[in-house]
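# Observations on chain architecture
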Amino acid sequence: MRPFIHTVLSSSRPYALIEPVEEAEALGIPGAARDGGTLRVELGDEGGEMLRGSALQEHLEKALRNLRSETRPVRASGLSLDLSRPLTMGVLNVTPDSFSDGGEHFSAKKAIDRGLEMAEEGADIIDVGGESTRPCSHYVDARTESARVLPVIEALAASLDIPVSVDTRKPAVAEKAIDAGARMVNDVSGLREEGMMRLVADTGVAAVMMHMRGTPRTMQDDLSYNDVVHEVMRYLHRQREELLDAGASLGQVILDPGIGFGKSPQQNLEIVRRLQEFRCLGSPLLVGASRKSFIGKVLGAETEQRLEGSLAVASVAVANGADVIRAHDVAETAKAVAMAAALRPVRERS
Ligand code: HH2
């Protein structure tokens, strides 16, 4: 496994957290401090000169370069996404019970019409899901989930130029969805279910790997983290390494910190505030905060009154380095994202 390097430049004393700790510790870097399984190295003016000559130096330089550079495009089977501007992914839940749009597009006809409408509104990707993953939601079997999403994916993939993604944790559903025309698998479990990594590696499709602790049923049971950003990043790094070991390529991968999945409102805010740190991982970043409960908590707003809050989070996420924003309100989000992108500092070409 390649080392995990988490660089933090926003601090008054920039530093890197390096794992595996033994490899980093063996270098005898002055002032380096061990914290559990991580070595903290002050970057100082030399930007990690002290690692020179070690295998870690190259990885640290890459992590620092990733922070400054434009995001690399997604290059996957049948799909190439230029991420020099942030994209809007429209949420299309073909479910009776999703937390904000449950039941609205539960018939294939209504879902297809809404998908076409989202494309008109400026969506760059349509994400079709057949199982709610809200806290304590009920498991839907693969046959039921497939019956919900396949006709919609087939119709949208046949009539739209933009890619259609399938939001599923189940390899059986993902496989059929890919056959029906989906060009991306969006998996809130981080491709954890047996066979999902193999499917992504074998088909070469793009994959969103999201962080979630446990399952939607259990994810809010344990919200304790020492450092939520560091722990989510480490999880995403490890899942991505496993996927690459299975034969997938880096260009297929999009990472997602999983806003609202096993995090407190404060932890969700912290992730968006510190999103920039995730960029050192070098993969495109997706953020899905649309209408979620931490926005309701800040604004005292019910689900249907969270548009402004969602747009504010989307804008800050883009300013902090998000490449894809997953949203229900596509027309408004696409405009907010374009405006936030225009205000972003220019990045170096990667
Ligand atoms: N959030 C939800 C579902 N899928 N996928 C990614 N990559 N990131 C997210 O943050 C994310 C996601 C939950 O939102 P929604 O689909 O609106 O609700 P439900 O799960 O109740 O259908």
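Residues numbered from 1 in each chain as written. Predicted model: local features only at pLDDT ≥ 70, side-chain atom pairs only at ≥ 80, totals over all residues. Heavy atoms only, no water.

### Brief notes about the domain arrangement of the protein
Quick note on the threshold: Here the bounds of each domain stem from an automatic or database domain assignment. Should any heavy atoms of two residues lie within 4.5 Å, those residues are considered in contact. Two parts placed together each lose some accessible area; with a 1.4 Å probe, that loss summed over both constitutes the buried area. For salt bridges, the criterion is a side-chain nitrogen of Lys or Arg within 4 Å of an Asp or Glu carboxyl oxygen. Definition of a polar contact: a pair of N or O atoms within 3.5 Å, with one able to donate and the other able to accept a hydrogen when the atoms are protein atoms, and with sequence-neighbouring residues admitted only if both atoms are side-chain atoms. The helix and strand labels rest on DSSP assignments: H or I over at least four residues marks a helix, E over at least two residues marks a strand, and numbering proceeds from the N terminus.
Its domain assignment divides the protein into domain 1 (4–68) and domain 2 (74–343). When each unit is reduced to the centre of its C-alpha atoms, the spacing between domain 1 and domain 2 is 31 Å. On the side of domain 2, 13 residues touch domain 1, which itself brings twelve residues to the contact. Here domain 1 and domain 2 share an interface that buries about 1000 Å² over both sides, 56% of which is from carbon and sulfur atoms. For the interface between domain 1 and domain 2, the tally reads two salt bridges. Two residues, Arg238 and Glu19, come together in a salt bridge whose shortest N-O distance is 3.7 Å. Between the two partners, domain 1 and domain 2, sit five residue pairs in polar contact (both at pLDDT 80 or more). Mapped by element, the contributors of at least two residues to the side of domain 1 that touches domain 2 are strand S1 (4–8), strand S2 (15–19) and helix H2 (55–68). Here the side of domain 1 that touches domain 2 takes five residues from S1, the largest share from any one element.

### Quick notes on the packing of aromatic side chains
The condition is simple: Any two rings among Phe, Tyr and Trp, with Trp reduced to its six-membered ring, count as a pair given centres within 6.5 Å; such a pair is stacked if its planes are under 30 degrees apart, edge-to-face if over 60, and tilted if neither. Note on geometry: a ring has a charge over it if NZ (lysine) or CZ (arginine) is within 6 Å of the ring centre and within 35 degrees of the ring normal.
Using the criterion set out here, one finds zero aromatic pairs in the structure. The ring of Tyr225 is capped by Arg213, whose NZ or CZ atom sits 3.8 Å from the centre of that ring.

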